[in-house]
Amino acid sequence: MKAAIISKPGDISVQEMEMPKITSPTQVLVRVKLTGICGSDVHIYKGENPFATYPRVFGHEFTGEVVEIGSGVTTLKPGDHVVGEPIVSCGTCYACRNHRPNVCAKLQVMGVHIEGGCREYVLLEEAKAHKIAADIPWHCAVLTEPMTIGLQATSRGALQAGDMVLIMGSGTIGLCCLLAAKAKGATCIMTDIVPKKLEYAKKMGADYVIDVTKKDLATEVQAITGGMGPNVILDCVCAKWSLEQAVDMVSVAGRVVELGFGPIKSEIPHAVIMKKEVTLAGTRLEAFQFPNAVALVEKNAALLEDFVTQHYGIADVAQAFAFATEHPEKVRKIVVEL
């Protein structure tokens with residue numbers, strides 16, 4: 001079967017690899033239809049992801065059709081449409097025992113530590129293949145994994161109905177955070193430096209949008225929130241200044257959630273955290289969010305119809321990564337068709 005393999009930074013090609021075979025009664029074999037390219041995949045391609053190993057079949061966002069099931073599988077059958085959950089955890093470490101397998105001490109992520117989903121067939125445990133309605137277009141179904149990231153971020157921020165939420169950055173993950181936050185009843189402010197991204201955020205349900213190249217963010221946020229500040233800030237920019245600004249802007253008893261990392265350390269005064277009793281939380285991947293994400297995608301399929309901005313065949317995967325690297329401002333989601 002064909003697979004897209006990043007052999008080393010800057011080198012991706014389509015290669016032949018052995019097709020997986022069911023060896024356990026709880027496994028399912030999935031014919032992959034689409035694989036999404038995430039920002040973290042681009043970092044792996046560029047050699048900027050400290051967790052990745054090479055060579056590696058990339059892809060942790062993928063959807064496909066079940067073609068074969070193990071003898072013990074009870075919830076799926078051939079022909080079912082599924083989305084793959086890409087994390088493997090040990091089940092016994094401190095994080096796993098506390099229902100946080102996404103930060104397992106021995107965590108393995110498909111496309112990062114182990115082979116990913118950009119290949120014609122993938123073998124999954126039944127529990128990691130989540131059924132999605134067959135009438136949901138593949139290009140919407142493939143967005144399920146990114147939606148889990150938004151749901152996990154809002155969970156880590158203890159977001160509740162009525163909260164005022166600031167989402168810094170209107171890229172792919174920012175938009176997924178927006179959809180998750182709106183589903184939980186929040187009022188949402190979105191920021192970006194690209195007007196078209198803000199236009200799309202408005203279409204996706206943002207209550208307010210701020211072009212930070214034209215307006216002072218802190219001033220605008222204070223005006224929108226009546227001087228209170230946002231109750232929850234989801235930092236999808238993940239720069240030194242964005243985390244510092246988030247802690248400064250968040251309301252008393254507020255929560256700041258950091259969705260990524262950059263190369264420069266932030267400097268945050270202890271007094272600001274103490275005085276407002278700010279909760280500062282990290283978020284990584286997801287924990288038990290796939291059922292909620294499937295429901296979110298199914299409910300909002302019409303809204304997500306034009307979320308994917310570029311389609312490439314697997315033969316052109318190198319061009320897909322080149323475009324993602326050279327034109328990030330034009331990308332919401334690139335998918336590779338298998």
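Provided above is the structure to which this section pertains.
The sections below set out a description of the structure shown in this document. Just so you know, these numbers come straight off a predicted model, no measurement behind them.

## Here's the deal with the sheet that holds strand β4 (residues 56-57)
Read from one edge of the open sheet, three strands run β2-β1-β4, paired in antiparallel fashion. Strand pairing shows two members of the sheet lacking a second neighbour, β2 (11-16) and β4, which therefore form its edges. Relative to β2, strand β1 (residues 2-8) is paired through six bridges, and the arrangement is antiparallel. Within the sheet, the bridge partner assigned to Ile-6 lies in β2 and is Ile-12. Together, β1 and β2 form the strand contacts of helix α11 (residues 317-326), whose direction differs from that of β2 by roughly 155 degrees.

## Observations concerning the side chain of Thr-154
Take Thr-154: it is sitting in helix α4 (residues 144-156). Leave out the neighbours within four places in its chain, and Thr-154 touches Leu-159, Cys-177, Ala-180, Ala-181, Lys-184 and Leu-234.

## Some details on the environment of Pro-137
Along the polypeptide, Pro-137 turns up in the loop between β10 (129-131) and α3 (138-141). For the pair Pro-137 and Asn-300, spaced 163 residues apart in sequence, the C-alpha to C-alpha distance is 12 Å.

## Focus: the state of the cysteines
The final tally for this structure, using the stated rule, is zero disulfides. Lacking any disulfide linkage, Cys-238 is separated from the closest cysteine sulfur, that of Cys-236, by 6.3 Å.

## Quick notes on the nonpolar core
Leu-234 and Leu-304 are the most contacted members of the largest nonpolar core, which totals 44 residues. Elements with a minimum of two residues in this core: α3, α4, β11 (164-168), α5 (172-183), β12 (187-192), α6 (195-203), β14 (232-235) and α10 (290-299). Looking at this core element by element, the count peaks at seven residues for α5. Those residues in contact with Leu-304, other than ones at most four positions away along the chain, are Cys-140, Leu-143, Met-147, Leu-179, Met-204 and Val-297. If you look at the next biggest cluster of nonpolar residues, it comprises 28 residues, including Ile-37, Cys-104, Leu-107 and Val-317.

## Some words on the packing of aromatic side chains
To describe a pair of aromatic rings, you give the distance between the ring centres and the angle between the ring planes. Across all of its chains, the model carries four aromatic pairs by this definition. When the ring of Tyr-45 is compared with that of Phe-321, the centres are 5.1 Å apart and the planes differ by 45 degrees; the resulting orientation is tilted. Taken as a pair, Tyr-45 in helix α1 (residues 39-46) and Phe-321 in helix α11 lie far apart in primary sequence, 276 residues in all. The class for Phe-321 is buried, based on a relative accessible area of 0%. With centroids separated by 6.1 Å and ring planes inclined at 75 degrees, the aromatic side chains of Tyr-200 and Phe-307 adopt a geometry described as edge-to-face. One end of the pair, Tyr-200, is in helix α6; the other, Phe-307, is in the loop between α10 and β17 (310-313), and 107 residues separate them in sequence.

About the cut-offs
- Residues numbered from 1 in each chain as written.
- Predicted model: local features only at pLDDT ≥ 70, side-chain atom pairs only at ≥ 80, totals over all residues.
- Heavy atoms only, no water.
- Pairing = 2+ DSSP bridges.
- Helix = DSSP H or I, 4+ residues; strand = E, 2+ residues; numbered from the N terminus.
- Contact = heavy atoms within 4.5 Å.
- Axes fitted to C-alpha atoms, helices over the stretch in contact; angles between N-to-C directions.
- Disulfide = S-S within 2.5 Å.
- Core = buried A, V, L, I, M, F, W, Y, C linked by side-chain atoms within 4.5 Å.
- Buried < 20%, exposed > 50% of the residue type's maximum accessible area, 1.4 Å probe, protein only.
- Phe/Tyr/Trp six-rings, centres within 6.5 Å; stacked < 30°, edge-to-face > 60°.

All we've got here are geometric facts, nothing functional implied.
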